[in-house]
Amino acid sequence: LFLESQQDADGTWRSQTYGFMRDGVTLTPHVLSATAVLPESMASESTARGVDYLFSLDPDTTVLRQPVYTAAATSWVLRYAGHEAAAEPWLDLIEAHQLTERLGWPRADPRYGGWSYAVEPPAYRSDAIDRTRPDANISATLFAVGALRLGNRSVGSNALDFVVVLQDFDLQLFSSEVDEES
C-alpha cells in the first residue's frame, strides 16, 4: 500500500510538500481517517503504529497547528480503534474552541456557535476587529460537529444557529449578485 510506504518509523505521516504538515501531528490523523475504516487496514501494523502514535499524544501539551481539524480526526480514529476514553480530551478541546459565551461571544455576533482555524480558542473582542484571527467557517464547524456527534456529545443549537446565519448570508449575497446582473 502506498500510504504505508510513506509512514515514518514512529507511526506518523509527514508531508513532503507542506511545511505545516511536516510535524506528524497534523497529517497523521487524516491519513488514518482514510485508512482505518478499511477492515484490512485495522489489522495492519501500519495502522496500529499510527493509532499508537495518536494514543500517545496529549491534547493539552501537543502543539497543534490546526487544533479543530486535528482534534476531530484524532478523536474519531481513536474511537474507531476502540480507545473511546482517549478520545474524550480531544472532544473537550473541540468544545473549548467553539465561539460561544464561554469565550465571551455574544449571540448577536454572526460567528457565534461556529468554529475557526484559530490555534488558541478565540476570545471575543468587541473593541476591535482582529484581522489576524481566523473567522468561524463552515469547514472547521463541520469537522467539530462531526467529531462531537461521533463521540456522543451534545452539539446543541449553537452550531446550527451559525450554519443558518451563514446560509442566510450566502443566500443574501447570491440574491444581491443576481439582482445586480438583471
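Residues numbered from 1 in each chain as written. Predicted model: local features only at pLDDT ≥ 70, side-chain atom pairs only at ≥ 80, totals over all residues. Heavy atoms only, no water.

1. Some points on the overall build of the chain
Thinking step 1. Check the secondary structure of the chain and you find 8 helices and 2 strands.
Thinking step 2. When its helices and strands are written in sequence order, the chain yields α-α-α-α-α-α-β-β-α-α.
Thinking step 3. By residue count, 41% of the 182 residues in the chain fall in the buried class.
Thinking step 4. Partitioning the intrachain contacts of the chain with sequence separation of at least 6 by distance along the chain shows that 55% fall at a separation of at least 24.
Thinking step 5. Of the roughly 10,100 Å² of accessible surface on the chain, 57% is carried by carbon and sulfur atoms. (Helix = DSSP H or I, 4+ residues; strand = E, 2+ residues; numbered from the N terminus. Buried < 20%, exposed > 50% of the residue type's maximum accessible area, 1.4 Å probe, protein only. Contact = heavy atoms within 4.5 Å. Areas by Shrake-Rupley, 256 points an atom, 1.4 Å probe, with all protein chains shown as cover.)

2. Side note on the environment of Tyr 112
Thinking step 1. By the secondary structure assignment, Tyr 112 is in the loop between helix H6 (84-96) and strand E1 (115-116).
Thinking step 2. In sequence terms Tyr 112 and Val 163 are 51 residues apart; their C-alpha atoms lie 9.8 Å from each other.
Thinking step 3. Apart from residues lying up to four places away in sequence, Tyr 112 is in contact with Leu 99, Thr 100, Glu 101, Trp 105, Pro 106, Arg 107, Asn 158 and Phe 162.
Thinking step 4. At 2.7 Å, the side chain of Tyr 112 forms a polar contact with the side chain of Glu 101. (Polar contact = N/O pair within 3.5 Å; in protein donor to acceptor, adjacent residues only side chain to side chain.)

3. Considerations on the side chain of Asn 137
Thinking step 1. With respect to the helices, strands and loops of the structure, Asn 137 is situated in strand E2 (residues 136-137).
Thinking step 2. A polar atom in the side chain of Asn 137 sits 2.7 Å from the backbone nitrogen of Ala 140.
Thinking step 3. With residues up to four places along the chain from it excluded, the contact list for Asn 137 reads Tyr 69, Trp 115, Ser 116, Tyr 117 and Phe 162.

4. Looking at the confidence of the model for the chain
Thinking step 1. Taken residue by residue, the chain gives an average pLDDT of 87. The fraction at 70 or more is 87%.
Thinking step 2. The secondary-structure element of the chain with the lowest mean pLDDT is helix H8 (residues 156-181), recorded at 67, while H6 shows the highest, at 97.
Thinking step 3. Confidence drops under pLDDT 50 across residues 173-182; counting only partners more than four residues distant or on other chains, this segment forms 0 contacts. (pLDDT = per-residue confidence, 0-100.)

5. Considerations on the environment of Ser 46
Thinking step 1. For Ser 46, the location among the structural elements is in helix H4 (residues 45-56).
Thinking step 2. Sequence separation of Ser 46 and Ala 36 is 10 residues, and the distance between their C-alpha atoms is 10.0 Å.
Thinking step 3. Setting aside residues no more than four positions away along its own chain, Ser 46 makes contact with Glu 4, Gln 7 and Trp 13.

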